[in-house]
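Here is what each chain is made of, one letter per residue.
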Amino acid sequence: MSRVYNFSAGPAMLPEKVLETAAAEMLDYKGTGESVMEMSHRSKEYQAIIDETEALLREIMSIPDNYKVLFLQGGASTQFAMIPLNLMTGSGKADFVITGQWANKAYQEAARYGDAKAVASSKDKTFSYIPEIDKNECRADADYFHICLNNTIYGTKWAELPEVSVPLVADMSSCILSEPVDVSKFAMIYAGAQKNMGPAGLTVVIIRDDMIGHAKDITPTMLNYQIHADNGSMYNTPPTYSIYILKLVLEWVKEMGGLEAMKAHNEKKAAIIYDFLDNSKLFKATVQGKDRSLMNIPFVTGNEELDAKFVSEAKKAGFINLKGHRSVGGMRASVYNAMPIEGCEKLVAFMKKFEEENS
Ligand SMILES: *Cc1c(COP(=O)(O)O)cnc(C)c1O
(Lines give C-alpha, C1' and ligand atoms only; values in the text may rest on other atoms or scores of the structure.)
Protein backbone atom coordinates (compact mmCIF):
# COMPACT_ATOMS: atom_id res chain seq x y z
CA MET A 1 0.00 0.00 0.00
CA SER A 2 1.26 3.43 -0.77
CA ARG A 3 -0.63 6.55 0.24
CA VAL A 4 -0.12 9.93 -1.41
CA TYR A 5 -0.11 13.38 0.16
CA ASN A 6 -3.44 14.84 -0.91
CA PHE A 7 -3.50 18.64 -1.00
CA SER A 8 -7.10 18.77 -2.25
CA ALA A 9 -9.36 21.61 -1.12
CA GLY A 10 -12.08 19.03 -0.49
CA PRO A 11 -12.99 16.25 -0.17
CA ALA A 12 -9.69 16.06 1.62
CA MET A 13 -7.37 13.80 3.59
CA LEU A 14 -8.63 12.05 6.68
CA PRO A 15 -6.39 10.98 9.57
CA GLU A 16 -5.01 7.50 8.84
CA LYS A 17 -6.07 6.38 12.30
CA VAL A 18 -9.69 7.22 11.42
CA LEU A 19 -9.54 5.20 8.21
CA GLU A 20 -7.94 2.27 10.04
CA THR A 21 -10.63 2.25 12.74
CA ALA A 22 -13.37 2.51 10.12
CA ALA A 23 -11.79 -0.41 8.25
CA ALA A 24 -11.51 -2.52 11.39
CA GLU A 25 -15.16 -1.85 12.25
CA MET A 26 -16.45 -2.16 8.70
CA LEU A 27 -18.02 -5.62 8.84
CA ASP A 28 -18.90 -5.81 12.51
CA TYR A 29 -19.38 -2.60 14.49
CA LYS A 30 -18.61 -3.40 18.13
CA GLY A 31 -20.19 -6.86 18.12
CA THR A 32 -23.45 -5.83 16.42
CA GLY A 33 -22.61 -8.07 13.46
CA GLU A 34 -23.33 -5.22 11.04
CA SER A 35 -21.62 -2.24 9.49
CA VAL A 36 -22.61 1.26 10.62
CA MET A 37 -23.67 1.75 6.99
CA GLU A 38 -26.28 -0.96 7.35
CA MET A 39 -27.58 0.11 10.72
CA SER A 40 -31.06 1.54 11.34
CA HIS A 41 -30.82 5.17 12.29
CA ARG A 42 -33.55 4.42 14.85
CA SER A 43 -31.49 1.70 16.58
CA LYS A 44 -30.07 2.25 20.05
CA GLU A 45 -26.58 1.53 18.68
CA TYR A 46 -26.89 4.32 16.14
CA GLN A 47 -28.46 6.71 18.64
CA ALA A 48 -25.37 6.19 20.79
CA ILE A 49 -23.13 7.11 17.82
CA ILE A 50 -24.94 10.36 17.00
CA ASP A 51 -25.21 11.34 20.68
CA GLU A 52 -21.50 10.73 21.21
CA THR A 53 -20.64 12.71 18.06
CA GLU A 54 -22.64 15.70 19.29
CA ALA A 55 -21.18 15.45 22.80
CA LEU A 56 -17.62 15.36 21.43
CA LEU A 57 -18.23 18.34 19.14
CA ARG A 58 -19.73 20.31 22.05
CA GLU A 59 -16.76 19.44 24.24
CA ILE A 60 -14.05 20.15 21.64
CA MET A 61 -15.57 23.45 20.41
CA SER A 62 -16.91 24.47 23.87
CA ILE A 63 -20.36 24.99 22.39
CA PRO A 64 -22.62 26.70 24.94
CA ASP A 65 -25.84 24.95 26.04
CA ASN A 66 -28.07 27.52 24.34
CA TYR A 67 -26.91 26.34 20.90
CA LYS A 68 -28.26 23.41 18.90
CA VAL A 69 -25.97 21.16 16.90
CA LEU A 70 -27.66 19.88 13.73
CA PHE A 71 -26.40 17.17 11.37
CA LEU A 72 -27.85 18.00 7.94
CA GLN A 73 -27.29 17.27 4.26
CA GLY A 74 -27.04 19.29 1.07
CA GLY A 75 -23.60 20.79 1.73
CA ALA A 76 -22.75 24.34 2.69
CA SER A 77 -24.44 25.36 -0.56
CA THR A 78 -27.87 24.37 0.76
CA GLN A 79 -27.22 26.62 3.78
CA PHE A 80 -26.95 29.55 1.36
CA ALA A 81 -30.75 29.19 0.92
CA MET A 82 -31.64 27.76 4.31
CA ILE A 83 -30.15 30.70 6.18
CA PRO A 84 -32.25 33.43 4.51
CA LEU A 85 -35.38 31.25 4.59
CA ASN A 86 -35.03 30.85 8.34
CA LEU A 87 -33.27 34.02 9.46
CA MET A 88 -34.18 36.82 7.03
CA THR A 89 -37.56 37.16 8.64
CA GLY A 90 -37.47 40.23 10.86
CA SER A 91 -36.63 43.28 8.77
CA GLY A 92 -35.95 40.99 5.83
CA LYS A 93 -32.46 42.51 5.49
CA ALA A 94 -29.04 40.88 5.70
CA ASP A 95 -25.51 42.22 5.14
CA PHE A 96 -22.69 40.33 3.42
CA VAL A 97 -18.95 40.72 2.96
CA ILE A 98 -17.85 39.46 -0.45
CA THR A 99 -14.51 37.78 0.18
CA GLY A 100 -14.73 35.24 -2.63
CA GLN A 101 -16.88 32.89 -4.59
CA TRP A 102 -18.54 31.13 -1.65
CA ALA A 103 -19.33 34.38 0.15
CA ASN A 104 -20.76 35.70 -3.11
CA LYS A 105 -22.92 32.63 -3.61
CA ALA A 106 -24.32 33.03 -0.09
CA TYR A 107 -25.11 36.68 -0.90
CA GLN A 108 -26.71 35.96 -4.26
CA GLU A 109 -28.90 33.20 -2.89
CA ALA A 110 -30.07 35.40 0.00
CA ALA A 111 -30.95 38.14 -2.49
CA ARG A 112 -33.63 35.81 -3.86
CA TYR A 113 -35.43 35.85 -0.51
CA GLY A 114 -34.96 39.34 0.84
CA ASP A 115 -32.95 42.55 0.92
CA ALA A 116 -29.33 41.36 0.78
CA LYS A 117 -26.59 43.98 0.76
CA ALA A 118 -22.88 43.61 -0.02
CA VAL A 119 -21.24 45.97 2.48
CA ALA A 120 -17.64 45.32 1.39
CA SER A 121 -15.77 43.31 -1.22
CA SER A 122 -12.20 42.40 -2.14
CA LYS A 123 -13.04 41.51 -5.73
CA ASP A 124 -10.81 44.37 -7.03
CA LYS A 125 -7.70 42.32 -6.19
CA THR A 126 -9.00 38.80 -6.94
CA PHE A 127 -10.09 38.39 -3.30
CA SER A 128 -6.47 38.29 -2.12
CA TYR A 129 -7.26 40.20 1.09
CA ILE A 130 -10.01 40.71 3.69
CA PRO A 131 -11.59 44.14 3.14
CA GLU A 132 -12.10 46.80 5.81
CA ILE A 133 -15.71 47.27 6.85
CA ASP A 134 -17.18 50.76 6.81
CA LYS A 135 -19.61 50.74 9.74
CA ASN A 136 -21.83 53.26 7.97
CA GLU A 137 -22.52 50.66 5.30
CA CYS A 138 -23.82 48.13 7.85
CA ARG A 139 -27.49 48.18 8.71
CA ALA A 140 -28.42 48.18 12.39
CA ASP A 141 -31.75 46.51 11.62
CA ALA A 142 -30.31 43.67 9.51
CA ASP A 143 -31.48 40.22 10.59
CA TYR A 144 -27.89 38.99 10.35
CA PHE A 145 -24.39 39.72 9.07
CA HIS A 146 -22.77 36.98 6.99
CA ILE A 147 -19.07 36.22 6.54
CA CYS A 148 -17.05 33.36 5.12
CA LEU A 149 -14.38 32.92 7.79
CA ASN A 150 -11.81 31.12 5.63
CA ASN A 151 -11.86 31.61 1.88
CA THR A 152 -10.92 28.23 0.49
CA ILE A 153 -10.28 29.29 -3.10
CA TYR A 154 -8.22 32.45 -2.44
CA GLY A 155 -6.47 31.44 0.79
CA THR A 156 -7.59 34.29 3.03
CA LYS A 157 -8.93 34.17 6.56
CA TRP A 158 -10.48 36.75 8.87
CA ALA A 159 -7.72 37.36 11.42
CA GLU A 160 -10.26 39.18 13.59
CA LEU A 161 -14.02 39.00 13.50
CA PRO A 162 -15.88 42.08 12.28
CA GLU A 163 -17.50 44.11 15.05
CA VAL A 164 -21.18 44.00 14.32
CA SER A 165 -24.27 44.74 16.38
CA VAL A 166 -26.49 42.17 14.64
CA PRO A 167 -26.33 38.33 14.72
CA LEU A 168 -23.13 37.08 13.07
CA VAL A 169 -23.43 34.07 10.73
CA ALA A 170 -20.28 32.35 9.46
CA ASP A 171 -19.44 29.80 6.80
CA MET A 172 -16.62 27.79 8.44
CA SER A 173 -16.53 24.96 5.90
CA SER A 174 -12.78 25.13 5.39
CA CYS A 175 -11.56 26.10 8.87
CA ILE A 176 -13.86 24.50 11.44
CA LEU A 177 -11.84 22.50 14.01
CA SER A 178 -8.56 24.02 12.76
CA GLU A 179 -8.21 26.29 15.80
CA PRO A 180 -10.38 27.43 18.72
CA VAL A 181 -13.28 29.79 18.01
CA ASP A 182 -15.50 31.54 20.53
CA VAL A 183 -18.86 30.09 19.48
CA SER A 184 -20.73 32.63 21.61
CA LYS A 185 -19.66 35.39 19.20
CA PHE A 186 -21.78 33.79 16.47
CA ALA A 187 -25.52 33.38 16.07
CA MET A 188 -24.85 30.55 13.69
CA ILE A 189 -21.92 28.57 12.27
CA TYR A 190 -22.14 26.13 9.39
CA ALA A 191 -19.71 23.84 7.60
CA GLY A 192 -19.73 21.17 4.94
CA ALA A 193 -17.88 18.22 6.47
CA GLN A 194 -15.61 17.31 3.58
CA LYS A 195 -12.76 19.70 4.39
CA ASN A 196 -11.92 19.23 8.05
CA MET A 197 -14.59 16.99 9.57
CA GLY A 198 -15.18 13.87 7.53
CA PRO A 199 -16.63 12.64 4.25
CA ALA A 200 -18.91 14.64 1.98
CA GLY A 201 -22.63 14.34 2.55
CA LEU A 202 -22.77 15.84 6.04
CA THR A 203 -23.28 19.50 6.88
CA VAL A 204 -22.90 20.64 10.48
CA VAL A 205 -24.93 23.59 11.76
CA ILE A 206 -24.37 25.18 15.17
CA ILE A 207 -27.19 27.62 15.85
CA ARG A 208 -28.27 29.68 18.85
CA ASP A 209 -31.71 28.74 20.16
CA ASP A 210 -33.27 32.17 19.61
CA MET A 211 -32.45 32.03 15.88
CA ILE A 212 -34.70 28.99 15.45
CA GLY A 213 -38.45 29.11 14.91
CA HIS A 214 -38.89 32.16 12.67
CA ALA A 215 -38.81 30.53 9.23
CA LYS A 216 -40.77 32.00 6.35
CA ASP A 217 -44.07 30.21 5.57
CA ILE A 218 -42.74 29.11 2.18
CA THR A 219 -39.78 27.29 3.80
CA PRO A 220 -39.74 23.63 2.72
CA THR A 221 -40.06 21.34 5.75
CA MET A 222 -36.63 19.86 5.13
CA LEU A 223 -35.07 23.35 5.10
CA ASN A 224 -36.53 24.43 8.43
CA TYR A 225 -34.02 24.42 11.33
CA GLN A 226 -36.89 23.99 13.79
CA ILE A 227 -37.89 20.64 12.24
CA HIS A 228 -34.34 19.30 12.54
CA ALA A 229 -33.83 20.71 16.02
CA ASP A 230 -37.12 19.21 17.28
CA ASN A 231 -36.23 15.83 15.83
CA GLY A 232 -32.62 15.53 16.97
CA SER A 233 -31.42 15.67 13.33
CA MET A 234 -33.56 12.58 12.64
CA TYR A 235 -36.65 14.03 10.94
CA ASN A 236 -35.55 11.85 8.06
CA THR A 237 -32.59 9.52 7.64
CA PRO A 238 -29.45 11.50 8.48
CA PRO A 239 -26.13 10.83 6.69
CA THR A 240 -25.41 8.03 9.14
CA TYR A 241 -22.00 6.88 7.98
CA SER A 242 -20.60 10.40 7.55
CA ILE A 243 -21.68 11.23 11.10
CA TYR A 244 -19.91 8.10 12.36
CA ILE A 245 -16.69 9.14 10.57
CA LEU A 246 -17.03 12.61 12.12
CA LYS A 247 -17.15 10.90 15.50
CA LEU A 248 -13.85 9.13 14.74
CA VAL A 249 -12.32 12.41 13.53
CA LEU A 250 -13.41 14.16 16.73
CA GLU A 251 -11.88 11.36 18.83
CA TRP A 252 -8.65 11.92 16.89
CA VAL A 253 -8.79 15.71 17.44
CA LYS A 254 -9.29 15.12 21.15
CA GLU A 255 -6.39 12.68 21.27
CA MET A 256 -4.20 15.25 19.46
CA GLY A 257 -4.91 17.64 22.33
CA GLY A 258 -7.99 19.52 21.16
CA LEU A 259 -8.23 22.76 19.20
CA GLU A 260 -5.32 24.59 20.87
CA ALA A 261 -3.06 21.73 19.83
CA MET A 262 -4.62 21.62 16.35
CA LYS A 263 -3.88 25.33 16.02
CA ALA A 264 -0.21 24.86 16.93
CA HIS A 265 0.01 21.88 14.55
CA ASN A 266 -1.59 23.89 11.71
CA GLU A 267 0.53 27.01 12.34
CA LYS A 268 3.65 24.90 12.17
CA LYS A 269 2.58 23.32 8.88
CA ALA A 270 1.54 26.62 7.27
CA ALA A 271 4.81 28.27 8.39
CA ILE A 272 6.86 25.57 6.66
CA ILE A 273 5.18 26.41 3.35
CA TYR A 274 4.86 30.20 3.71
CA ASP A 275 8.49 30.55 4.86
CA PHE A 276 9.65 28.69 1.80
CA LEU A 277 7.39 30.75 -0.51
CA ASP A 278 8.57 34.04 1.01
CA ASN A 279 12.19 33.11 0.28
CA SER A 280 11.74 31.45 -3.07
CA LYS A 281 12.90 33.03 -6.32
CA LEU A 282 10.47 30.97 -8.36
CA PHE A 283 7.33 30.55 -6.28
CA LYS A 284 5.29 33.35 -4.76
CA ALA A 285 2.35 33.30 -2.32
CA THR A 286 -0.67 35.22 -3.60
CA VAL A 287 -1.80 36.40 -0.15
CA GLN A 288 0.34 38.55 2.14
CA GLY A 289 0.37 39.33 5.84
CA LYS A 290 -2.30 38.82 8.45
CA ASP A 291 -5.03 37.68 6.03
CA ARG A 292 -3.23 34.44 5.19
CA SER A 293 -5.18 31.22 5.68
CA LEU A 294 -3.74 28.36 7.72
CA MET A 295 -5.68 25.86 5.64
CA ASN A 296 -5.41 26.87 1.98
CA ILE A 297 -2.17 28.24 0.56
CA PRO A 298 -2.32 29.48 -3.05
CA PHE A 299 0.90 30.23 -4.92
CA VAL A 300 2.15 30.89 -8.45
CA THR A 301 5.35 30.92 -10.47
CA GLY A 302 4.07 33.70 -12.72
CA ASN A 303 4.35 31.40 -15.74
CA GLU A 304 1.33 29.26 -16.60
CA GLU A 305 3.34 26.60 -18.42
CA LEU A 306 5.68 26.23 -15.49
CA ASP A 307 2.69 26.01 -13.12
CA ALA A 308 1.26 23.15 -15.18
CA LYS A 309 4.64 21.40 -15.27
CA PHE A 310 4.93 21.73 -11.51
CA VAL A 311 1.45 20.30 -10.88
CA SER A 312 2.12 17.36 -13.16
CA GLU A 313 5.58 16.55 -11.74
CA ALA A 314 4.28 16.91 -8.20
CA LYS A 315 1.54 14.40 -8.95
CA LYS A 316 4.10 11.89 -10.22
CA ALA A 317 6.05 12.38 -7.01
CA GLY A 318 3.00 11.62 -4.85
CA PHE A 319 1.74 15.15 -4.07
CA ILE A 320 -1.72 15.28 -5.60
CA ASN A 321 -4.37 17.95 -6.22
CA LEU A 322 -2.04 20.95 -6.12
CA LYS A 323 -3.72 22.68 -9.05
CA GLY A 324 -5.29 26.01 -8.09
CA HIS A 325 -9.02 26.60 -8.42
CA ARG A 326 -10.09 27.02 -12.04
CA SER A 327 -11.10 30.64 -11.32
CA VAL A 328 -7.62 31.71 -10.14
CA GLY A 329 -5.10 29.33 -11.75
CA GLY A 330 -1.66 28.64 -10.29
CA MET A 331 -1.35 26.22 -7.41
CA ARG A 332 -2.97 25.73 -4.04
CA ALA A 333 -1.85 23.53 -1.18
CA SER A 334 -4.74 22.74 1.16
CA VAL A 335 -3.30 21.58 4.45
CA TYR A 336 -6.29 20.67 6.60
CA ASN A 337 -5.96 19.10 10.05
CA ALA A 338 -5.23 15.61 8.70
CA MET A 339 -2.23 16.69 6.58
CA PRO A 340 0.83 15.61 8.59
CA ILE A 341 3.79 17.97 9.16
CA GLU A 342 5.89 15.54 7.16
CA GLY A 343 3.62 16.12 4.12
CA CYS A 344 4.42 19.85 4.22
CA GLU A 345 8.15 19.25 4.71
CA LYS A 346 8.30 16.82 1.81
CA LEU A 347 6.32 19.16 -0.42
CA VAL A 348 8.77 22.00 0.31
CA ALA A 349 11.73 19.72 -0.42
CA PHE A 350 10.10 18.83 -3.73
CA MET A 351 9.49 22.52 -4.52
CA LYS A 352 13.13 23.36 -3.75
CA LYS A 353 14.29 20.70 -6.15
CA PHE A 354 11.85 21.90 -8.82
CA GLU A 355 13.10 25.46 -8.34
CA GLU A 356 16.73 24.39 -8.80
CA GLU A 357 15.89 22.43 -11.93
CA ASN A 358 13.79 25.18 -13.49
CA SER A 359 15.59 28.44 -12.91
C1 LIG B 1 -16.36 23.88 -0.02
C2 LIG B 1 -17.02 25.12 0.45
C3 LIG B 1 -18.37 25.40 0.22
C4 LIG B 1 -19.25 24.49 -0.60
O5 LIG B 1 -19.53 23.37 0.08
P6 LIG B 1 -20.52 22.24 -0.48
O7 LIG B 1 -20.59 21.33 0.70
O8 LIG B 1 -19.88 21.64 -1.68
O9 LIG B 1 -21.82 22.89 -0.79
C10 LIG B 1 -18.90 26.54 0.76
N11 LIG B 1 -18.14 27.40 1.47
C12 LIG B 1 -16.84 27.17 1.70
C13 LIG B 1 -16.06 28.14 2.52
C14 LIG B 1 -16.23 26.03 1.20
O15 LIG B 1 -14.93 25.81 1.43
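Because the structure is a prediction, the values reported are computed rather than measured.

Contact geometry for helix 3 (residues 75–87) and helix 4 (residues 101–110): axes closest at 8 Å, N-to-C directions at 40°. Between helix 3 and helix 4, the interaxial angle falls into the category oblique. Note that helix 3 runs across helix 4; the crossing there is right-handed. For the pair helix 3 and helix 4, the contacting residues are Ser77, Phe80, Ala81 and Pro84 in the first and Trp102, Lys105, Ala106, Glu109 and Ala110 in the second. Across the contact of helix 3 with helix 4, the residue classes break down as six nonpolar, one polar and two charged.

Most of strand 3 (residues 93–98) sits inside the fold, with five of its six residues counted as buried. Bridge count between strand 3 and strand 4 (residues 115–121): six bridges; the pairing is parallel. From the neighbouring strand, lysine 93 faces strand 4, where its bridge partner is aspartate 115. Tracing the backbone out of strand 3, into helix 4 and back to the parallel element strand 4 gives a crossover that is right-handed. Both strand 3 and strand 5 (residues 144–148) contribute to a ladder of three bridges, which runs parallel. Residue pairing for strand 5: alanine 94 is matched across the bridge by tyrosine 144.

A sheet is described by the order of its strands in space; here seven strands give the open sequence 2-10-9-8-5-3-4, paired in mixed fashion. Each end of this open sheet is capped by a strand with a single partner; those strands are strand 2 (67–72) and strand 4. Averaged over neighbouring strand pairs, the angle between their axes works out to 15° when direction is ignored. This element, helix 3, spans strand 2, strand 5, strand 8 (168–171), strand 9 (188–192) and strand 10 (203–208) of the sheet and lies at about 155° to strand 9. Lying on the sheet, helix 4 is in contact with strand 3, strand 4, strand 5, strand 8 and strand 9; it crosses strand 3 at an angle near 160°.

Put simply, the largest pocket is a space of about 500 Å³. Along its surface, the largest pocket is lined by 28 residues, and Lys157, Trp158, Ala159, Glu179 and Pro180 are the ones closest to its centre. In terms of residue count, the dominant contributor to the lining of the largest pocket is helix 7 (residues 258–279) (five residues). Here the residues of the lining of the largest pocket sort into 16 nonpolar, three polar and nine charged. Each of domain 1 (17–255) and domain 2 (257–358) accounts for three or more of the residues forming the lining of the largest pocket. Approximately 370 Å³ is the volume found for the second largest pocket. Taken together, 15 residues form the lining of the second largest pocket, with Glu132, Trp158, Glu160, Leu161 and Pro162 sitting closest to its centre. When the residues that make up the lining of the second largest pocket are grouped by side-chain class, the tally is nine nonpolar, no polar and six charged.

So, on to the domain arrangement of the protein chain. Splitting the protein chain by domain gives domain 1 (17–255) and domain 2 (257–358). Each of domain 1 and domain 2 has a C-alpha centre, and these two points are 27 Å apart. Taken together, the contact between domain 1 and domain 2 spans 27 residues of the former and 25 residues of the latter. Interface area, domain 1 with domain 2, both sides summed: about 2200 Å², of which 56% is carbon and sulfur. Along the contact surface separating domain 1 from domain 2 lie zero salt bridges. Counting the contacts that link domain 1 with domain 2 gives 14 residue pairs in polar contact (both at pLDDT 80 or more). Every element with two or more residues in the side of domain 1 that touches domain 2 is listed here: helix 2 (44–61), strand 7 (156–157) and helix 6 (240–255). If you tally residues by element for the side of domain 1 that touches domain 2, the top one is helix 6, at four residues. Each residue belonging to the side of domain 1 that touches domain 2 can be placed in one class, and the counts come to twelve nonpolar, ten polar and five charged.

Moving on to the side chain of asparagine 151. You can see asparagine 151 is positioned in strand 6 (residues 150–151). Setting aside anything within four residues of it in sequence, one finds asparagine 151 in contact with Thr99, Gly100, Ile130 and Thr156.

For the rest of this paragraph, the subject is the packing of aromatic side chains. Scanning all chains against the criterion turns up 17 aromatic pairs. Aromatic pair phenylalanine 80 and tryptophan 102: ring centres 6.5 Å apart, planes at 45°, arrangement tilted. Of the two residues, phenylalanine 80 is situated in helix 3 and tryptophan 102 in helix 4; the sequence distance between them amounts to 22 residues. A relative accessible area of 5% means that phenylalanine 80 is categorised as buried. Here tryptophan 102 falls in the partly exposed class, since its relative accessible area comes to 27%.

Surrounding the ligand, one finds 13 residues, the nearest of these being Ser77, Thr152, Asp171, Gln194 and Lys195. The contact in question runs from an oxygen atom of the ligand to an N or O atom on the side chain of serine 77, over 2.6 Å. Contacts to the ligand include lysine 195, whose side-chain N or O atom sits 2.6 Å from an oxygen atom. Coverage of the ligand by the protein chains reaches 88% of its 390 Å² of free accessible surface.

How each quantity is defined
- Every chain is numbered independently, its residues counted from 1 as its sequence is written.
- With the structure being a predicted model, the display of local features is reserved for residues of pLDDT at least 70 and the display and counting of side-chain atom pairs for 80 or more, all residues being used for whole-chain, interface and lining totals.
- Side-chain calculation: all heavy atoms of the structure are included, whereas hydrogens and water are not.
- For helices, the fitted axis covers only the stretch in contact; all axes are lines through C-alpha atoms, and the angles between them, taken along N-to-C directions, range from 0 to 180 degrees.
- Strands are runs of DSSP state E lasting at least 2 residues, helices are runs of H or I lasting at least 4, and numbering of each runs from the N terminus.
- Working rule for angles: under 35 degrees goes down as roughly parallel, over 145 as roughly antiparallel, 65 to 115 as roughly perpendicular, anything else as oblique.
- A clockwise turn of the near helix away from the far one marks a right-handed crossing, whereas an anticlockwise turn of less than a right angle marks a left-handed crossing.
- By definition, residues are in contact when any of their heavy atoms lie within 4.5 Å.
- Gly counts as polar in this scheme, as do all residues outside two lists: the nonpolar Ala, Val, Leu, Ile, Met, Phe, Trp, Tyr, Cys and Pro, and the charged Asp, Glu, Lys and Arg.
- Burial classes follow relative accessibility: with a 1.4 Å probe on protein chains only, a residue under 20% of its type's maximum area counts as buried, one over 50% as exposed, and anything between as partly exposed.
- DSSP calls a pair of strands paired once it identifies at least 2 bridges connecting them.
- For crossovers, right-handed means that the path from the first strand over the helix to the second runs clockwise, given strands pointing away from the viewer.
- In this analysis the probe radius is 1.4 Å and the grid spacing 1 Å, with only protein atoms considered; a cavity is a set of points the probe fits into but cannot get out of, a pocket is an open set with protein on both sides within 12 Å along at least five of seven lines, and lining residues have an atom within 4 Å of a point.
- Grid points are joined across faces, edges and corners, and a volume is the space filled by probe spheres set on the points.
- What marks off one domain from the next here is an automatic or database domain assignment.
- Two parts placed together each lose some accessible area under a 1.4 Å probe, and adding up what both lose gives the buried area.
- For this analysis, a salt bridge means a side-chain nitrogen from Lys or Arg found within 4 Å of a carboxyl oxygen belonging to Asp or Glu.
- Whenever two N or O atoms come within 3.5 Å, that pair is a polar contact, provided that in protein one can donate a hydrogen and the other can accept it, and provided that, for residues adjacent in sequence, both atoms are side-chain atoms.
- Classification of ring pairs uses Phe, Tyr and Trp, with its six-membered ring standing for Trp, and accepts pairs whose centres are within 6.5 Å; under 30 degrees between planes counts as stacked, over 60 as edge-to-face, and the remaining range as tilted.
- Any residue with at least one heavy atom within 4 Å of a molecule or strand is counted as near it.
- Working definition of accessibility: Shrake-Rupley area with a 1.4 Å probe, residue cover restricted to the visible protein chains.

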